[in-house]
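These are the residues of each chain, in order.
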Amino acid sequence: GITPTLAVVLIGDSPASKVYVRHKKKGCEYVGLRSVSHEVSSDITEKALLSLIEDLNKDKTIHGILVQLPLPSHIDEDKVIMAIDPSKDVDGFHPMNVGNLSIGRDGFVSCTPAGIMVLLERTGIDISGKKCVIIGRSNIVGKPIGMLLTRANGTVTMCHSRTKDLQGECRQADILIAAIGKEKFITKDFIKEGAVIIDVGINRLADGTLCGDVDFDDCIEKASFVTPVPKGVGPMTITMLLKNCIKAAKNRAKS
Ligand code: GUN
């Protein structure tokens, strides 16, 4: 008798954020979850946004809260993330959930890394003992996927803008996770024969089409697997969000 309900907060009118939020709401509808939207102007004050979050925290009909990032520059992202009740933090961004992940306790895991793990598991890719190279150290993707791969007994290298020999690091990877934000950056010269390539990039080209951080056509023959963009990691991110919402509703019902 409970319909898991997601509150989506969208601030401003960034075209990319609007598209992501639309996909998330469509996902809810598809699986029978309820979503409620709070679309507010980009000139909302930080205080008003924190007050909206407080209302959603208190609202017993809401199980998950998602504030679409990035936020306008006058709003402190950290304060907003900290304001969300960790038991409703279906994005897994609150330090309580990040901390739980880091020590292997139950909690909400950031959706893109969680989706990547399901992709690997369902494809039958064994992570244990494999060399996993991650490019990008963001809080949303790089750091949590590093923790998940470590937990699955992978040997993890985290690369970033200051990495000395990026190509050399990447060429050793059995599993390469690209979360860079540069279109078609990873070519076959960056990969080892038979590597598994996960492309987290979403870059919009001048002609309006989307492409990833990986040059798919260049890599597909040398790699054993490459995730496409679009329709690769993106739908998995949304699926994990829905899963987290259901988990939040179940947790509440149990408490
Ligand atoms: N902006 C880019 N990715 C995400 C995400 O996974 N969650 C939220 N809330 N904002 C984002």
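Residues numbered from 1 in each chain as written. Predicted model: local features only at pLDDT ≥ 70, side-chain atom pairs only at ≥ 80, totals over all residues. Heavy atoms only, no water.

Asker: What should I look at first to understand the overall build of the chain in this one?
Answerer: When helices and strands are counted, the chain shows 9 helices and 10 strands. Scaling as 2.2 N^0.38, a compact globule of 255 residues should have a C-alpha radius of gyration of about 18 Å, and the chain matches this with 19 Å. Taking the principal axes of the C-alpha coordinates as reference, the chain spans close to 50 × 40 × 35 Å. Counting only residues that meet the buried cut, the chain has 45% of its 255 residues in that class. (Helix = DSSP H or I, 4+ residues; strand = E, 2+ residues; numbered from the N terminus. Rg over C-alpha atoms; globule rule 2.2 N^0.38 Å. Buried < 20%, exposed > 50% of the residue type's maximum accessible area, 1.4 Å probe, protein only.)

Asker: Mind showing me how you'd approach the site of the ligand here?
Answerer: Taken together, the residues surrounding the ligand are Lys24, Leu66, Val67, Gln68, Leu69, Asp91 and Phe93. About the coverage of the ligand: the protein hides 81% of its 280 Å² of free accessible area. Among the residues making up the shell around the ligand, the classes are represented as 4 nonpolar, 1 polar and 2 charged. (Near = heavy atom within 4 Å. Areas by Shrake-Rupley, 256 points an atom, 1.4 Å probe, with all protein chains shown as cover. Nonpolar A, V, L, I, M, F, W, Y, C, P; charged D, E, K, R; others polar.)

Asker: In this structure, what is going on with the state of the cysteines? I would like to understand it.
Answerer: A disulfide bridge is the covalent bond that connects two cysteines by way of their sulfur atoms. Enumeration over the complete set of coordinates arrives at 0 disulfides. Cys211 takes part in no disulfide bond, and the closest cysteine sulfur, belonging to Cys219, lies 12 Å away. A relative accessible area of 7% places Cys211 in the buried class. (Disulfide = S-S within 2.5 Å.)

Asker: Explain unusual backbone geometry to me, please; I cannot follow it from the model alone.
Answerer: Generally, phi is negative for residues other than glycine and the peptide bonds are trans, each holding for most cases. The step from Leu69 to Pro70 runs through a cis peptide bond, and the omega angle for that step is 0°. In this structure, Pro70 sits in the loop between β3 (64-67) and α3 (77-83). Cis geometry marks the peptide bond from Val229 to Pro230; its omega dihedral reads 0°. Following the sequence through the fold, Pro230 ends up in the loop between β10 (225-226) and α9 (233-254). You will see that Asn153, though not glycine, has its phi angle at about 70°, which is positive. Tracing the chain through its elements places Asn153 in the loop between α6 (142-151) and β5 (155-159). If you check the backbone angles, Lys184 has positive phi at about 50° while not being a glycine. Its location among the elements puts Lys184 in the loop between β6 (175-178) and β7 (196-199).

Asker: Just checking my understanding: could you explain the pairing of strand β2 (residues 34-40) for this structure?
Answerer: Successive residues of a regular strand alternate their side chains across the two faces of the sheet. Two elements, strand β1 (residues 5-11) and β2, share 7 bridges in a ladder whose sense is parallel. Residue pairing for β2: Val9 is matched across the bridge by His38. In the classification by handedness, the crossover that spans β1, the intervening helix α1 (residues 15-31) and the parallel β2 is right-handed. (Pairing = 2+ DSSP bridges. Right-handed = clockwise from strand over helix to strand, strands pointing away.)

Asker: Is there a simple way to explain the pairing of strand β4 (residues 131-135) in this structure?
Answerer: Across the 5 residues of β4, 5 count as buried, placing the element largely inside the fold. Burial along β4 is two-sided: the residues Lys131, Val133 and Ile135 and Cys132 and Ile134 are all buried. At this point the chain moves from β4, through α6, to the parallel β5, and the crossover so formed is right-handed. Strand direction decides the pairing type here: β4 and β6, joined by 4 bridges, are parallel. Opposite Ile135, over in β6, you have Ala178 as the bridge partner.

Asker: Sorry, what's going on with the sheet that holds β5 here?
Answerer: Hydrogen bonds between backbone groups are what pair the strands of a sheet, and the pairing can be parallel or antiparallel. The strand order β5-β4-β6-β7-β10 describes an open sheet built from 5 strands, whose pairing is parallel. A strand with exactly one partner marks an edge of an open sheet, and here the two such strands are β5 and β10.

Asker: Can you walk me through the packing of α1 against α9 in this structure?
Answerer: For any two helices packed against each other, the geometry is given by the interaxial angle and the distance between the axes. Relative to each other, α1 and α9 sit at 55°, their axes nearing to 10 Å. Of the possible angle classes, the one that applies to α1 and α9 is oblique. In terms of crossing hand, the pair formed by α1 and α9 is right-handed. Along the contact surface, α1 presents His23, Lys24, Gly27, Cys28 and Val31, while α9 presents Ile238, Leu241 and Leu242. (Axes fitted to C-alpha atoms, helices over the stretch in contact; angles between N-to-C directions. Parallel < 35°, antiparallel > 145°, perpendicular 65-115°, else oblique. Left-handed = near helix turned anticlockwise from the far one by under 90°. Contact = heavy atoms within 4.5 Å.)

Asker: Which parts of the structure should I look at to understand the nonpolar core?
Answerer: Counting 38 residues, the largest nonpolar core has Leu6, Ile116, Leu120, Leu149, Ile175, Ile177 and Ile198 as the members making the most contacts within it. Those elements giving two or more residues to this core turn out to be β1, α1, α5 (111-122), β4, α6, β6, β7 and α9. The biggest single contributor to this core is α9, with 8 residues. Counting residues in each nonpolar core, the second largest holds 18 residues, with Ile44, Leu56, Ile62 and Ile75 among its members. (Core = buried A, V, L, I, M, F, W, Y, C linked by side-chain atoms within 4.5 Å.)

In short, shape yes, function no, at least from these values alone.
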